[in-house]
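# Coordinates in review
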Amino acid sequence: MPNHRSPFQSTHEPLAPPSDPISEARSQAVTDLLKTIVEPILDNNIVSLGMVRNLRVVDDYVYLRLYVGKHQHALKPQIETVLSQLTWCKKVYVQICTISGVRTTLAISSGKGGVGKSTTSVNLAIALSLQGAKVGLLDADVYGPNIPQMLGLGHSQVNTIETETGTRFLPLEAHGIKVMSVGLLAEPDHPLAWRGPVLHKIITQFIQDVEWGDLDYLLIDLPPGTGDAQITIVQESPICGVLLVTTPQQVAIADVRRSIHMFRRVGIPVLGIIENMSYLRCGHCGEPTPIFGRGGGQQLAEELHASLLGQIPIDARICAGGDSGQPLTMADPNSRVGQVFLDIASALERTFCTVQDKPLVLN
Ligand code: ADP
């Protein structure tokens with residue numbers, strides 16, 4: 001990542017609330033040993049990376065969930081070997097939680113609606129794809145699922161297939177990106193009226209039951225804010241990190257601050273902040289005007305020790321591209337907007353090393 005300290009250096013609260021002094025001491029011993037296991041590409045330990053969740057010590061048994069990509073399953077035997085040092089431990093149960101075929105899962109979030117989260121998701125997906133990655137985009141924004149429209153898919157029909165593990169949704173495809181959206185399950189022009197447990201079930205199903213095939217990156221466009229829906233998605237999926245979108249405005253910044261605390265509390269690394277609508281460049285003299293204020297993203301990044309990954313200008317072609325299903329990064333990768341997204345995609349690729357030996361496909 002381009003600046004500040006690595007997003008993977010953050011520390012988290014204990015993995016599980018201790019129940020009694022013996023369990024507490026044992027949980028701590030387990031956590032300390034798990035912290036000696038380093039994921040080689042990301043160069044940090046699996047606890048700080050948020051891969052270990054739901055750690056429980058019950059009597060002489062250890063239970064934990066390991067949230068990883070398809071290339072990281074070898075961490076399971078490593079965990080079993082390392083924890084075999086615990087003389088009291090009779091057995092370690094590691095449940096691997098992964099999305100079939102997916103290597104790196106990233107979430108795009110924002111503190112509030114309308115700041116350009118979906119625009120960012122779509123353009124970042126295009127930028128990663130232009131750099132040679134196989135990309136999927138899951139639109140989980142139950143309050144405004146407009147990714148299909150932004151990619152020109154409108155209200156396309158979602159098909160399912162029967163597999164050995166049950167019925168699975170087939171993603172649609174646009175501009176080489178695989179797409180699934182909660183909006184595709186709703187009737188045209190009707191709001192999604194799901195609430196509470198139904199909402200959780202649908203989102204979890206989306207995460208588990210889409211037949212993505214082989215993907216280098218799966219981007220999940222989260223609903224805005226820090227409610228139940230976000231927490232469910234984040235906890236139920238092997239998200240490696242989250243990108244937060246904000247405008248420079250102080251009210252938007254305050255919401256992002258809350259989001260960052262929420263993600264850190266549940267142990268998901270915050271990869272950085274993307275500031276959208278940072279300025280408007282004058283069509284005549286080229287002078288940038290900070291319509292929504294100046295420096296908010298930078299200030300927040302410094303305060304919360306997160307990276308400011310990019311500043312996206314206001315550009316009428318973003319709006320037009322969103323409406324016509326032709327994202328600007330695809331229509332004009334050499335535009336300022338396109339360049340910012342390509343830079344962010346490069347920074348992600350440097351961090352996750354997902355695409356190897358693939359040519360840069362720029363026109
Ligand atoms: P969110 O997902 O946060 O609700 P959207 O991505 O749907 O926000 O963006 C809201 C509106 O703002 C859309 O009409 C979009 O085209 C427009 N928009 C977003 N970013 C920009 C930008 N940098 N310049 C111009 N219009 C933008």
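Thresholds applied
- Residues numbered from 1 in each chain as written.
- Predicted model: local features only at pLDDT ≥ 70, side-chain atom pairs only at ≥ 80, totals over all residues.
- Heavy atoms only, no water.
- Pairing = 2+ DSSP bridges.
- Helix = DSSP H or I, 4+ residues; strand = E, 2+ residues; numbered from the N terminus.
- Axes fitted to C-alpha atoms, helices over the stretch in contact; angles between N-to-C directions.
- Contact = heavy atoms within 4.5 Å.
- Phe/Tyr/Trp six-rings, centres within 6.5 Å; stacked < 30°, edge-to-face > 60°.
- Buried < 20%, exposed > 50% of the residue type's maximum accessible area, 1.4 Å probe, protein only.
- Expected span 1.5 Å × (residues − 1).
- Arc of directions from axis to C-beta.
- Polar contact = N/O pair within 3.5 Å; in protein donor to acceptor, adjacent residues only side chain to side chain.

Looking now at the sheet that holds strand β3 (residues 52-58). Taken in spatial order, the three strands of this open sheet run β3-β4-β5, and their pairing is mixed. Lying at the two open borders of the sheet, with one neighbouring strand each, are β3 and β5 (91-97). Adjacent strand axes in the sheet meet at a mean angle of 10 degrees when their direction is disregarded. Pairing between strand β4 (residues 61-67) and β5: seven bridges, direction parallel. By the bridge assignment, Arg-65 is partnered in β5 with Gln-95. Taken strand by strand, helix α1 (residues 21-34) contacts β3 and β4, and its axis lies near 140 degrees from that of β3.

For the coordinates displayed, the defined rule picks out two aromatic pairs. Each ring, one from Tyr-61 and one from Tyr-93, has its centre 6.5 Å from the other, and the planes form 40 degrees; the classification is tilted. In this pair, Tyr-61 is assigned in strand β4 and Tyr-93 in strand β5, connecting sequence segments 32 residues apart. On the basis of relative accessible area, Tyr-93 is assigned to the partly exposed category, the value being 36%. With a centroid separation of 5.1 Å and 10 degrees between ring planes, the pair formed by Tyr-63 and Tyr-93 is classed as stacked. Linking Tyr-63 in strand β4 with Tyr-93 in strand β5, this pair joins segments that are 30 residues apart in sequence.

Owing to its 3.6 residues per turn, the α-helix aligns residues three or four sequence positions apart on the same side. Here α1 is 14 residues long and its end C-alpha atoms lie 20 Å apart, about the 20 Å a rise of 1.5 Å per residue gives. Turning to α1, its buried residues are Ser-23, Arg-26, Ser-27, Val-30, Thr-31, Leu-33 and Leu-34. Viewed end-on, α1 has its buried residues packed into an arc of 165 degrees, placing them on one side of the element. The inward-facing, buried residues of α1 contact β3, β4 and α2 (75-83). Near the N-terminus of α1, the side chain that reaches the backbone nitrogen of Ile-22, with its oxygen 2.9 Å away, is that of Asp-20.

On to the pairing of strand β12 (residues 215-221). Most of β12 sits inside the fold, with seven of its seven residues counted as buried. When strand β6 (residues 102-110) meets β12, the two strands line up parallel, connected through six bridges. Among the inter-strand pairings, Leu-106 is bridged to a residue of β12, identified as Leu-219. As judged from the five bridges shared by strand β7 (residues 135-139) and β12, these two strands associate in the parallel manner. When the bridges of β12 are listed, Leu-137 appears paired with Leu-219.

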